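Close look at the chain arrangement
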Amino acid sequence: MNRTTLSLIAGTTALAAVTGFAALSAPDAPGTDTAAKAAAQLPVERTSLLCPAPSTSDLAETSYTSFTPVTKGTGSGGKAELREADKESADAPADGEGKGKDDGKSGENKPAKPVLTPKEPGKPVTGDSSGGDAPALVGTADGRFAPGWTVQETTEVAAGTGRGLQGLNCTAPDTDFWFPGASTDADRTDYVHLTNPDDSAAVADIELYGKDGALKSAVGEGITVPPHSSEPVLLSTLTTERQTNLTVHVNVRSGRVGAAVQALDDKLGGDWLAASTDPSGSLVLPGIPKDATSVRLVAFTPGDADADLKVRLASPSGPITPAGHETVHVKGGMTTAVDLGDVTRGEAGSLVLTPTDRSVPVVAALRVVRGKGDKQETAFIPATRPVGTRATSADNSGKGGTLSLTAPGAAATVKVTASAGSEGGTPVSKTYTIKAGTTQDIEPPAPGGLKGTYALTVETVSGGPVYGARTLTASEDGVPAFTVQTLPDDRGTVSVPEADEDLSVLQR
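To keep things clear, this report deals only with the structure shown in the data block. Predicted model, so just to flag it, every value in this text is computed and none were measured.

Describing the overall build of the protein chain
When helices and strands are counted, the protein chain shows two helices and 38 strands. The burial tally for the protein chain puts 52% of its 508 residues in the buried class. Put simply, of all contacts in the protein chain between residues at least 6 apart along the chain, 83% involve residues at least 24 apart. Looking at the protein chain as shown, the accessible area adds up to about 21500 Å², and 49% of this sits on carbon and sulfur atoms.

Structure (structure tokens):
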């Protein structure tokens, strides 16, 4: 192996350790021993998270919880900080007229003071805000605070459009997002929030797909998000068409953003709709509340080919085929919605979608309703990645929460750890076995002597893939308010190939 190849590997190693998203793959050259140097799993050294502005309601009460699980091999240095995004651009929502133009001044503003700064991994730190003026937050973590860093944004809105409980795991920046389940219906007010963590402007396109295909929208192209700022884009300003079920695609041309959809209903409350996992032939949507009164599946395939999917519910006793909904046909480039009713019938459940024949990439999400009449509340469950090595959910209080775990294939064993409380308490761990093809609702363990809120960390011990979600509940004048966050792998480590010689000079 020559020095040029070694330099390439070392450079890739440095990049992977910093970002957590780099990978190296090359064909084997004749005479090389690729098995001699196995890849090592190293903690990521730096990560970013972005929290959209929580609400425009004067009645909103928002709490933030920042948490990093303890990770071996991270050393003793580092920090995590959340700061206010640049208000200069965030004050004015982007629409078909303004489109979030960059005036060139945003990057000149002095950095905002941190609003959340954890003292140590393993212990949550919390903050709160009131009213409709709370800004978006831009955060970075490095060193021992980077691997698995998670921030939960939870908002209670007492009345008005979107009233109820709204929750979101603050998102990592990326360049491609799919949101099946959005709407421009008359009762809905849906915003796509775009947040830019970087020093240069980002440019994004927002594409909308309805039941008949792409919706015409010239104003959705080339939306500029200035540095360190956030732009809420009202979907109804991007099209004149009223569509009950839409798929939103955010494609970033330049730079990177965090993206989330805030879906607010005049009658059914509202919540955040997080992005679906990358398009895939098989999908899992975990954690449907057992008392759900209405469940709607919204699916979309980005290509031209149609997708035919088997629909299965992983229940506590095993896989069930919903009566009348054995399969779903998704036309290429068109959004398909299927009302599944009270599909869980009073039991824990997760939806599992698999191809009936050939595999076609699909994205999907569920709109879930609890309650009846004028006492209904909505939440969303996107298709998600498996828990993998480790996943974390912050902002647990010891009551009003459910942890839902499903093993759609082989049985699996997981360890669930409740962290120390934000104001005191001792960590507690328990091990659970999830039978093949089932979903189990677990009352989360709580720290001993809990004071404040705590985080739950789920780790796969053995067996097949596990998917998870955490549900928070509250009572708002008889409305069964709730919010659901899925538990994808935190990508706290990255696979790094070993080099034959020390080229640490390339590390920064």
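Looking at the pattern of salt bridges
For the structure shown, the criterion picks out 12 salt bridges. Glu81 is paired through a salt bridge with Lys79; the nearest N and O atoms lie 3.8 Å apart. Glu81 gets classed as buried once you look at its relative accessible area, which sits at 14%. For Lys267, the salt bridge is made with Asp187, and the minimal N-O distance between the two is 3.9 Å. Taken together, the positions of Lys267 in the loop between strand E17 (258–265) and strand E18 (269–273) and Asp187 in the loop between strand E10 (176–182) and strand E11 (188–196) put the pair 80 residues apart, joining distant regions of the chain. Its relative accessible area of 55% is what places Lys267 among the exposed residues. Three or more residues joined by partner-sharing salt bridges are found here, namely Lys79, Glu81 and Arg83.

Notes on the packing of aromatic side chains
For the structure shown, the criterion picks out four aromatic pairs. Note on Phe177 and Phe179: the rings are 6.3 Å apart at their centroids and 10° apart in plane angle, and the pair reads as stacked. Here Phe177 falls in the buried class, since its relative accessible area comes to 7%. When the ring of Trp178 is compared with that of Tyr209, the centres are 6.4 Å apart and the planes differ by 40°; the resulting orientation is tilted. Of this pair, Trp178 sits in strand E10 while Tyr209 sits in strand E12 (residues 202–210), and the two are 31 residues apart along the sequence. The pair formed by Trp178 and Tyr209 is uniform in burial state, with each residue classed as buried. Site record: aromatic cluster; members linked through ring pairs are Trp178, Tyr209 and Phe300.

Remarks on the pairing of strand E4 (residues 80–84)
Remember that side chains alternate between the two faces of the sheet whenever the strand is regular. Bridge count for E4 against strand E7 (residues 137–142) is five bridges, and the pairing is antiparallel. Within E7, the residue paired with Arg83 across the bridge is Val138. One ladder, built from two bridges, connects E4 with strand E5 (residues 114–116); its direction is antiparallel. Looking at E5, one finds that Leu82 is bridged to Leu116.

Re the nonpolar core
Counting residues in each nonpolar core, the largest one holds 29 residues, and the members touching the most others are Ile288, Leu351, Leu353 and Leu366. In this structure, Ala202, Ile223, Leu235 and Val261 belong to the second largest nonpolar core, which totals 26 residues.

Considering the side chain of Thr486
Along the chain, Thr486 falls in strand E37 (residues 479–486). Thr486 has contacts with Asn169, Pro286, Ile381, Pro382, Thr384, Gly468 and Ala469, leaving out every residue within four places of it along the chain.

With respect to the sheet that holds E4
Strand order in this open sheet of four strands is E2-E7-E4-E5, and the pairing throughout is antiparallel. In this open sheet, the two strands that pair with only one neighbour each are strand E2 (46–51) and E5. Neighbouring strand axes in the sheet, compared pairwise and without regard to direction, differ in orientation by 30° on average. Where E2 meets E7, six bridges bridge the pair, whose relative direction is antiparallel. What sits directly across from Ser48, in E7, is Thr140.

Some remarks on the sheet that holds strand E35 (residues 454–463)
One open sheet accounts for four strands, arranged E28-E35-E30-E32; its pairing is antiparallel. Only two strands of the sheet have a single partner each, and these edge strands are strand E28 (390–396) and strand E32 (428–434). Each strand axis lies, on average, 20° off the axis of its neighbour in the sheet, ignoring direction. Pairing of strand E30 (residues 412–418) with E32 involves seven bridges; the strand directions are antiparallel. Looking at the pairing, Val416 lines up with Lys430 of E32.

Remarks on the environment of Thr171
Along the polypeptide, Thr171 turns up in the loop between strand E9 (164–169) and E10. The residues touching Thr171, leaving out its near neighbours within four places in the chain, are Ser48, Leu49, Leu50, Gly258 and Ala259.

Some thoughts on unusual backbone geometry
Peptide bonds are mostly trans, and most non-glycine residues show a negative phi. A positive phi angle is found at His228, which is not glycine, with a value near 55°. At Arg345, a residue that is not glycine, the phi angle is positive and equals roughly 50°. With respect to the secondary-structure elements, Arg345 resides in the loop between strand E24 (335–341) and strand E25 (349–355).

A look at the side chain of Thr406
Relative to the assigned elements, Thr406 resides in strand E29 (residues 401–407). A relative accessible area of 0% places Thr406 in the buried class. In this structure the side chain of Thr406 is engaged in a polar contact, spanning 3.1 Å, whose partner is the side chain of Thr439. If sequence neighbours within four positions are ignored, Thr406 has contacts with Val284, Pro286, Ala314, Ser350, Ile434, Thr438, Thr439, Pro465, Val466 and Tyr467.

Description of the pairing of E17
For E17, the tally of buried residues reaches eight of eight residues, placing the bulk of the element in the interior. Covered by surrounding structure in E17 are Gly258, Ala260, Gln262 and Leu264 together with Ala259, Val261, Ala263 and Asp265, the residues of both alternating faces. Sheet analysis places E11 next to E17, joined by eight bridges and oriented antiparallel. The residue bridging Val192 from the neighbouring strand is Val261, located in E17.

About the criteria used
Residues numbered from 1 in each chain as written. Predicted model: local features only at pLDDT ≥ 70, side-chain atom pairs only at ≥ 80, totals over all residues. Heavy atoms only, no water. Helix = DSSP H or I, 4+ residues; strand = E, 2+ residues; numbered from the N terminus. Buried < 20%, exposed > 50% of the residue type's maximum accessible area, 1.4 Å probe, protein only. Contact = heavy atoms within 4.5 Å. Areas by Shrake-Rupley, 256 points an atom, 1.4 Å probe, with all protein chains shown as cover. Salt bridge = Lys/Arg side-chain N within 4 Å of Asp/Glu carboxyl O. Phe/Tyr/Trp six-rings, centres within 6.5 Å; stacked < 30°, edge-to-face > 60°. Pairing = 2+ DSSP bridges. Core = buried A, V, L, I, M, F, W, Y, C linked by side-chain atoms within 4.5 Å. Axes fitted to C-alpha atoms, helices over the stretch in contact; angles between N-to-C directions. Polar contact = N/O pair within 3.5 Å; in protein donor to acceptor, adjacent residues only side chain to side chain.

In short, shape yes, function no, at least from these values alone.
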